[in-house]
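# Results of the structural survey
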2 protein chains.
Amino acid sequence: MASSVNPPRGMRDFLPQEKARRERVLSVIRSVYRAHGFDEIETPVMEDSSRLHAGLGGDNEKLAFGVLKRGLTAEELHAASDPLELADLGLRFDLTVPLTRFYASHRAELPTVFRAIQIAPVWRAERPQKGRYRQFMQCDIDIIGDAGPLAELELLSATAAVMRSLGIDGWSFRINDRRILHSLLRYWKVPLDASERVLIALDKEDKIGVEGVVAELHALGLGDPDLVSSVLLGKQLTSLADDGWSLLDGEPPAWLDAEGQDVYRELSAIRAAIPDARVVFSPVLVRGMGYYTGTIFEISHPSSTSSLGGGGRYDGMIGRFLGTDVPATGFSIGFERILDLVSLPDDEAADAVALLHDAAVAESTLVALKASLIAMGGRVRLERTPKNLKPLLEQLAASGFRRVATVTATTESIDDLEFRVLETP
Amino acid sequence: MASSVNPPRGMRDFLPQEKARRERVLSVIRSVYRAHGFDEIETPVMEDSSRLHAGLGGDNEKLAFGVLKRGLTAEELHAASDPLELADLGLRFDLTVPLTRFYASHRAELPTVFRAIQIAPVWRAERPQKGRYRQFMQCDIDIIGDAGPLAELELLSATAAVMRSLGIDGWSFRINDRRILHSLLRYWKVPLDASERVLIALDKEDKIGVEGVVAELHALGLGDPDLVSSVLLGKQLTSLADDGWSLLDGEPPAWLDAEGQDVYRELSAIRAAIPDARVVFSPVLVRGMGYYTGTIFEISHPSSTSSLGGGGRYDGMIGRFLGTDVPATGFSIGFERILDLVSLPDDEAADAVALLHDAAVAESTLVALKASLIAMGGRVRLERTPKNLKPLLEQLAASGFRRVATVTATTESIDDLEFRVLETP
């Protein structure tokens, strides 16, 4: 069989060092979220096709991997006019669609205000490119059953605590509210039926810049050109303005109408309640998903023009499954994007030891020595002494083993071992 | 949309308490295996269909979920004569097939003796029944590049350490070797071309009992009936025999030929080197997979007739991908089967506290109090004081929250809080 030994296109194998690093980071995220009172849940990786394609996933629905029905006959294949007819299940493309299904199924067993953690992979059949994978981890927290703003505060402070615990510096929250966007559209005199196109243009700001957005809106003839420019270019919305409104500690900007100004004051209160984090008002922040209804947020970082994570309030969505409205808000950390920024000590390496041995040593001796060292709290690896020792020692050091000892036929207990320290690579 | 809110057939949602328990158990397994010098790796959940259906997965291959090719046209659907032609990928049904692919891909970057941990879900489209799921966790360790018996010892002692760390009592290792089986077949005068049918009959012992196996072999006319009975019934192989051979501390039984007796002595040496674990020689243990070549083992427990885990040596398998033979052996813990036997303390509950509050308390106060308590090492949940307090307190206690305090409009710091202890449920 000549088939490739590579993982499927756009998917990755993780070797020991990378996997250990990923698990350490996930473990920090999990424990910080748990400390903040969130509860982890898990759903299967597959959902019914009908649910994945119910219109809640936006463009991601098209990227869902379909799972073939079992036991299909040739006749059924030939009767199908659309591949989706052959797939009763699909792999989830996000963790929000499964969460709403989970909540609808288990509501009676959950707290009135349910704080959920989901740390799990999702799959999207995207064209693979640098930094985009077809299987990747998401770390979501959601609060269901609280109309805010306490829920938003808990999401943001838990997320800020995760970023601090991972040793990531220099990041900010960008915050906005769907109602601010609607206030802006009114100020710009955008016709109601053009709102969606304007939001799509604004959503591209991280790719085409503020000037690009202004140009696009002018070209489309959407909104009053002078008013659009006065807000978008006059204020340089994504940088710090001197009058303080972009840091939410000034008066609301004049181009917001009364409703927009009320929402601005809500955002200011959120900012004031999490003094440890830098919170920047980003009135052109849209976030793609159509289901957002209130506050929306992202983590921005100078290392990247795209966000490190984000989320928002989606009050209408769960009602679509339950028949009764339930408020909800969530935040998702882009695990694959933060990974390179994490700075965690390798706290395990200090205790990792390797025991070198040759064929003269009884296996039972090796197993007993290993057990004794593990019982003392160490991590232990047995290695047959090779002809050329140097590459092995280098590899052990690179794998986090800091000490090495040689076992001989006369070694009886760990007291007989002489450890030497390996040079760190 | 009237679609069900249940997870797909045969798959499960995990609610907070169950998920927390699963993660605690997985974390113990992971850390014990790491202490024993194993390295965790990860592969994508999907593999190429051609690899999943290459004949290494035995009956499990038929149970693989197929993943539909992307962008199929109606013409391609109609041209297909077999559903598998439409699936270029599939979900893995075990962790061994992906491991061999991983090793073939990354061998140059791995240690000469590679000790792998895989803790991950697998999928099988089985008919759902009690205790059988279509998505379930496997916890595998494998040692690639060591011809044994040290590798077997490391697998067994690491597995025994996991069982101890999880507080599971009363289990034993059942151990055998494919070469013992062949020695038995020779003793029974089974024609070579009937070996496979005899092994299949023996493999059913946990379901049909020793008598059932004897009856089946007699009915099939395979082997000399008197010899078969003398070993299978005369010795009651799965119970303790007085002459010590079933505990591997006696002389080899006389019905083994010279080769079988040599292998028996190897097994005796393995048993002697792990004195902490109970090791029972089970000469009719087959384990289904055709790829096993040497020592095979299972964990048995009085709670179940099926094993809690198992594995064995599969020296030929990796060579099929590499073109060069590489010895390998592995052990898989049946995570879903051990879960009910685990006895771990809930070490987190002691520090979990709930803060009750009403609308008069500023959100910023709540967030600050929560942060202070978390900084002291606690797990904290905010709860709006309900009209009827009792159900909430019961739910908090059931979720592991042990202390509760009420925040009022005059609360300024955690020094103002009075904690009361919740009764454990």
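Positions within a chain are numbered from 1, following the residues in the order the chain's sequence is written. Chains and ligands are labelled by the order in which they are written, letters from A for the one and numbers from 1 for the other. Residue-level local features of this predicted model are given only where pLDDT is at least 70; pairs of side-chain atoms are given and counted only at 80 or more, and the full residue set underlies all totals for whole chains, interfaces and linings. The side-chain quantities take in all heavy atoms of the structure and omit both hydrogens and water.

## Considerations on the sheet that holds strand S7 (residues 172-177) of chain B
All names here are of chain B. Defined as follows: Pairing between strands is defined by DSSP: at least two bridges between them are needed. Numbering of helices and strands starts at the N terminus; helices are DSSP runs of H or I of at least 4 residues and strands are runs of E of at least 2. Should any heavy atoms of two residues lie within 4.5 Å, those residues are counted as being in contact. In this analysis, axes come from line fits to C-alpha atoms, helices being fitted only over the stretch in contact, and the angle between any two N-to-C directions falls in the range 0 to 180 degrees.
Pairing is mixed in the open sheet, where 8 strands are placed in the order S1-S5-S6-S11-S10-S9-S7-S8. Two strands bound the open sheet, and with one partner strand each, they are strand S1 (39-40) and strand S8 (279-281). By the bridge criterion, 6 bridges tie strand S6 (residues 135-144) to strand S11 (residues 328-333) in an arrangement that is antiparallel. Looking at S11, one finds that Ile143 is bridged to Thr329. Taken strand by strand, helix H6 (residues 178-187) contacts S7, S8 and strand S9 (295-301), and its axis lies near 60° from that of S7.

## A look at the sheet that holds strand S14 (residues 403-406) of chain A
All names here are of chain A. Judged by pairing direction, the sheet is mixed, and its 4 strands sit side by side in the order S13-S12-S14-S15 without closing on themselves. Each edge of the sheet is formed by a strand with only one pairing partner; in this case those strands are strand S13 (379-384) and strand S15 (420-421). Pairing geometry for S14 and S15, over 2 bridges, is antiparallel. Each bridged residue has a counterpart across the sheet, and for Val404 the counterpart in S15 is Arg420.

## Digging into the interface of chain A and chain B
Which entries qualify depends on this criterion: We define buried area as the total accessible area lost by two parts upon association, computed with a 1.4 Å probe and summed across both. When a carboxyl oxygen of Asp or Glu lies within 4 Å of a side-chain nitrogen of Lys or Arg, that pair is called a salt bridge. Two N or O atoms form a polar contact when they lie within 3.5 Å of each other; inside protein one atom must be a possible hydrogen donor and the other a possible acceptor, and for residues adjacent in sequence the pair counts only when both atoms belong to side chains.
The interface of chain A with chain B comprises 89 residues on the first partner and 89 residues on the second. Summing the contributions of chain A and of chain B, the shared interface buries around 8,000 Å²; its carbon and sulfur component is 58%. Its largest share of buried area at the contact with chain B, chain A owes to A:Arg34, A:Glu42 and A:Leu68, together 8% of the area lost on that side. Linking chain A with chain B are 14 salt bridges. B:Lys19 serves as the salt-bridge partner of A:Glu40, at 3.9 Å between the closest nitrogen and oxygen. Counting every contact that joins chain A to chain B gives 42 residue pairs in polar contact (both at pLDDT 80 or more). Here the element with the most residues in the side of chain A that touches chain B is helix H1 (residues 16-35) of chain A; it accounts for 7 residues.

## Observations concerning the pairing of strand S14 (residues 403-406) of chain B
Sheet analysis places strand S12 (residues 352-357) of chain B next to S14(B), joined by 4 bridges and oriented parallel. Counted as the bridge partner of B:Leu356 is B:Thr406 from S14(B).

## Overview of the packing of aromatic side chains
Two aromatic rings, taken as a pair, are described by how far apart their centres are and by the angle between their planes. Note the following rule: When the centres of two rings from Phe, Tyr and Trp lie within 6.5 Å, Trp using its six-membered ring, the rings pair. Their planes under 30 degrees apart give stacked, over 60 give edge-to-face, and anything left gives tilted. Note on classification: 1.4 Å probe, protein chains only; a residue is buried when its accessible area is under 20% of the maximum for its type, exposed when over 50%, partly exposed between these limits.
According to the stated counting rule, one finds 17 aromatic pairs over all chains in the structure shown. An angle of 75° between the planes, with centres 5.0 Å apart, marks the rings of A:Trp171 and A:Phe173 as edge-to-face. Both residues of the pair, A:Trp171 and A:Phe173, count as buried. On the basis of an interplanar angle of 65° and a centroid distance of 5.1 Å, the ring pair of B:Tyr291 and B:Tyr292 is categorised as edge-to-face.

## Considering the relation of the copies chain A and chain B
To keep things clear, this is the line we draw: Copies overlap after least-squares fitting; the atoms used are the C-alpha atoms of residues with pLDDT of at least 70 in both.
Rotating chain A by 180° about the axis while translating it 0.0 Å along that axis superimposes it on chain B, leaving an RMSD of 0.0 Å. What we have between these two chains is a two-fold relation. A share of 100% of interface residues in chain A that are also interface residues in chain B marks the association as one of identical surfaces.

## What to know about helix H1 (residues 16-35) of chain B
Residue and element names in this part refer to chain B. Our working rule: Here, expected helix span is obtained from the residue count minus one, scaled by 1.5 Å.
Across its 20 residues, H1 extends 28 Å between first and last C-alpha, which sits within 8% of the 28 Å expected from 1.5 Å per residue. Across the 20 residues of H1, 14 count as buried, placing the element largely inside the fold. Positive backbone phi, at 90°, marks Gly37, one or two positions downstream of H1.

## Considering the domain arrangement of chain A
Residues and elements named next belong to chain A. What counts, and what does not: Boundaries of every domain are those given by an automatic assignment or by a domain database.
Per the domain assignment, the segments making up chain A are domain 1 (8-167 + 302-335), domain 2 (171-296) and domain 3 (349-421). Spacing between the C-alpha centres of domain 1 and domain 2 amounts to 27 Å. If you look at the interface, domain 1 gives 27 residues, while domain 2 gives 17 residues. Both faces considered, domain 1 and domain 2 share a buried interface measuring about 1,700 Å² in area, 68% of it formed by carbon and sulfur atoms. The largest contributions to the domain 1 side of the interface with domain 2 come from Leu153, Leu156 and Arg313, which together make up 26% of the buried area. Counting the contacts that link domain 1 with domain 2 gives 0 salt bridges. There are 3 residue pairs in polar contact (both at pLDDT 80 or more) connecting domain 1 and domain 2.

## Focus on the environment of B:Phe321
All names here are of chain B. Structurally, Phe321 can be placed in helix H11 (residues 319-322). We classify Phe321 as buried; its relative accessible area is 17%. Placed 218 residues apart in sequence, Phe321 and Tyr103 show a C-alpha to C-alpha distance of 9.1 Å.

## Things to note about unusual backbone geometry
Residues and elements named next belong to chain A. Residue Pro149 follows Gly148 across a cis peptide bond; omega there is 0°. On the secondary structure map, Pro149 appears in the loop between strand S6 (135-144) and helix H5 (150-165). With a phi angle near 60°, Lys189 is a residue other than glycine that sits in the positive phi range. Relative to the assigned elements, Lys189 resides in the loop between helix H6 (178-187) and helix H7 (195-203).

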